[in-house]
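Given next are the chains, with one letter for each unit.
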Amino acid sequence: MVAGDGRVLMPGLIDAHWHAFMAATPQPVLMAAEPSYLHHRAAHEAEAILMRGFTTIRDLGGPVFGLKQAIDEGLVPGPRIYPSGAMISQTSGHGDFRFLFELPRQPGGPLSYSEREGIAAIADSPDEVRLRAREQLRNGASQIKLMAGGGVSSPHNPIESVQFTEAELRAAVEAAADWGTYVTVHAYTPTAVRRAIDAGVKVIDHAQLIDEATVQLMAEKGIWWSLQPLTYDAEVFARMSPVSQQKALQVFAGTENAYKLAAKHNVKTVFGADILFDPGAASRQGSYLAMLTKWMTPAQALKSATGDTGEMLALSGFINPYPGKLGVVEEGALADLLLVDGNPLEDLNLVSDPDKNFLIIMKDGKIFKNSVSR
C-alpha cells in the first residue's frame, strides 16, 4: 500500500503511433548495424518509454514481436505493445527503404534487407498485399499498417503521392477482418484518406493535409484519427535530410488546421508522437503530448492519450493481446497507473518531466518506479 498524500492518480499514458525499434536509433545505424545490436537498443529504449509513463504503445512498424514477448514474460521492462509488424508498402511507397542495388526486384528473387529484418514488406497487387498482411497476422500483429501515401522520412516519394489502389487496400482490410481486427494507414492528403475509407480502413494516421469535406466523412463513418502534433522543432529539423525538410514543412503547415477540424467535427482523435530515428526527440515523448494544449484543454489531451486510445485499441477484437479496459482508473480495468506530483489537468507540462513528476509508475499491477518520499 502506497500513500498518495493528496497527489493525482491517473491512468498510464498510451501512445497510438510509436516505433519501438526505430524511434531512438538514427537511420544510418538502422541500415548498417548488426541486427542483434539493434534489438538490444530497442529493449533499452523500451524501459525508457515505460519510465516516461507510457505504459502502452501501438507500434506502427518494425520487428518488435520478440521485444513484446520479452516484455510480456518479464524478461525486460517496457510498455504493453500492440504490434503491427512490418509496414506494408508498395514499390516506391513510404515504406520502401531499399538500397539502389536491391532494385529492380526480380520475381522469386531475394528479399531486401528491410524486408528480411521485418521493418517493411513490399507488395504490388491485391494478392501480394493479402499475403503480406497474413504474414504479419501469423507473426502476432494486433492490427495491420499500410502506407497509403507519401511521407516525410522516405526519400523516394512526394508527400502528395497516393499509394495502393482501393483493391489493394481492401485486400488488407479483408485479411484483417477475418482475424477480427483492423487496418490503419499512413496518409496525409484528402485523396489518400478517402481511398482508404472507401476500402474499409478504420483508422487514419496523420492526415495533416486533409480538407474539411474529408474530415466530415471521417466523422460520419466513425473513423478514428491518430493525429500527431507535428510542428517545427529546430533541433529535430536540423537532423533531417534536405528532401525530408521540404516535406516536413508541408506537414507542419497543416497541423493546426487538422486539430481545429477534428474538434469542429468531433472526430474520434487519439494522440501519437510518431518519432523516427531521433534519440533526442524520443526522450521528449511526453513533451509532444503537452503540446496538445495549443489546440485542446489538458483534460481533452489526457483523454486522447488514455481512455480514448484504450477504446481504439480494442478494435483489435478477438486477437487483442491485452483484453481488458485500458486508459481508465476504475475497478476491473488493467492496472496501469501513474501517481503525479502535481495536477496535469491544470498543468499538462508535468508530463514533460516524468523523472521529476511521475512518482509511481505501475503497469499491470506491478510497480516499476516508486520515488514517494518515505
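Residues numbered from 1 in each chain as written. Predicted model: local features only at pLDDT ≥ 70, side-chain atom pairs only at ≥ 80, totals over all residues. Heavy atoms only, no water.

Moving on, we come to the packing of helix α7 (residues 190-198) against helix α8 (residues 212-221). Closest axis-to-axis distance for the α7/α8 pair is 10 Å, and the angle between their directions is 25 degrees. Viewed along their axes, α7 and α8 adopt a mutual orientation that is roughly parallel. Crossing handedness for the pair α7 and α8: left-handed. The residues of α8 that touch α7, namely those facing Pro190, Val193, Arg194 and Ile197, are Ala213, Thr214, Leu217, Met218 and Lys221. For the contact of α7 with α8, the class distribution of residues is six nonpolar, one polar and two charged. (Axes fitted to C-alpha atoms, helices over the stretch in contact; angles between N-to-C directions. Helix = DSSP H or I, 4+ residues; strand = E, 2+ residues; numbered from the N terminus. Parallel < 35°, antiparallel > 145°, perpendicular 65-115°, else oblique. Left-handed = near helix turned anticlockwise from the far one by under 90°. Contact = heavy atoms within 4.5 Å. Nonpolar A, V, L, I, M, F, W, Y, C, P; charged D, E, K, R; others polar.)

Next up on the list: the sheet that holds strand β3 (residues 54-59). Spatial strand order, β2-β3-β4: three strands in an open sheet with parallel pairing. The sheet terminates laterally at β2 (13-18) and β4 (80-83), the two strands that pair on one side only. The sheet shows a mean angle of 15 degrees between the axes of neighbouring strands, direction not considered. Pairing of β3 with β4, which is carried by four bridges, proceeds in the parallel orientation. Looking at the pairing, Arg58 lines up with Tyr82 of β4. With respect to the sheet, helix α2 (residues 35-51) is in contact with β2 and β3, its orientation differing from that of β3 by roughly 125 degrees. (Pairing = 2+ DSSP bridges.)

For the rest of this paragraph, the subject is the sheet that holds strand β13 (residues 358-363). The strand order across the open sheet formed by four strands is β1-β12-β13-β14, and the pairing between neighbours is antiparallel. The sheet is open, and its two edges are formed by β1 (8-11) and β14 (366-370), each paired on a single side. Within this sheet the neighbouring strands show an average axis-to-axis angle of 20 degrees, counted without direction. Relative to β13, strand β12 (residues 337-340) is paired through four bridges, and the arrangement is antiparallel. Residue pairing across strands places Leu337 opposite Met362, the latter belonging to β13.

With that settled, the discussion passes to the nonpolar core. By size, the foremost hydrophobic cluster in this structure holds 91 residues, and its most contacted members are Leu146, Val185, Ile204 and Trp225. When sequence neighbours within four positions are dropped, the list of residues in contact with Ile204 reads Thr184, Val185, Val193, Ala196, Ile197, Met218, Ile223, Trp224, Trp225 and Ser226. Among the nonpolar cores identified, the runner-up in size contains twelve residues, and Ala16, Val203, Trp224 and Val270 belong to it. (Core = buried A, V, L, I, M, F, W, Y, C linked by side-chain atoms within 4.5 Å. Buried < 20%, exposed > 50% of the residue type's maximum accessible area, 1.4 Å probe, protein only.)

With that settled, consider the side chain of His17. Inspection of the secondary structure assignment puts His17 in strand β2. The residues contacting His17, other than those within four sequence positions of it, are Arg58, Leu60, Lys145, Asp205, His206, Ser226, Gln228, Phe271, Gly272, Ala273 and Asp274.

Right, let's get into the pairing of β12. Alternating residues of β12 divide into Leu337 and Leu339 and Leu338 and Val340, and every residue in both groups is buried. Of the strand pairs in this sheet, β1 and β12 are connected by four bridges, and their pairing is antiparallel. The partner of Leu9 across the bridge, within β12, is Leu339.

What follows concerns the pattern of salt bridges. For the structure on display, the rule yields 20 salt bridges. Asp124 is the salt-bridge partner of Arg105, the closest N and O atoms lying 3.8 Å from each other. Of this pair, Arg105 sits in the loop between β5 (87-89) and α4 (113-116) while Asp124 is found in the loop between β6 (120-122) and α5 (126-139), placing the two residues 19 residues apart along the sequence. Residue classification places Asp124 among the partly exposed residues on the basis of a relative accessible area of 33%. The residue Glu166 makes a salt bridge to Arg170 at a minimum N-O spacing of 3.1 Å. Of this pair, Glu166 and Arg170 both sit in helix α6 (residues 166-178), four residues apart, which is roughly one turn of that helix. Residue classification places Glu166 among the partly exposed residues on the basis of a relative accessible area of 34%. In this structure Arg170 comes out as partly exposed when scored by relative accessible area, which is 31%. Connected via shared salt-bridge partners are Asp233, Glu235, Arg239, Asp278 and Arg284. (Salt bridge = Lys/Arg side-chain N within 4 Å of Asp/Glu carboxyl O.)

The quantities given are spatial measurements derived from coordinates; they are silent on function.
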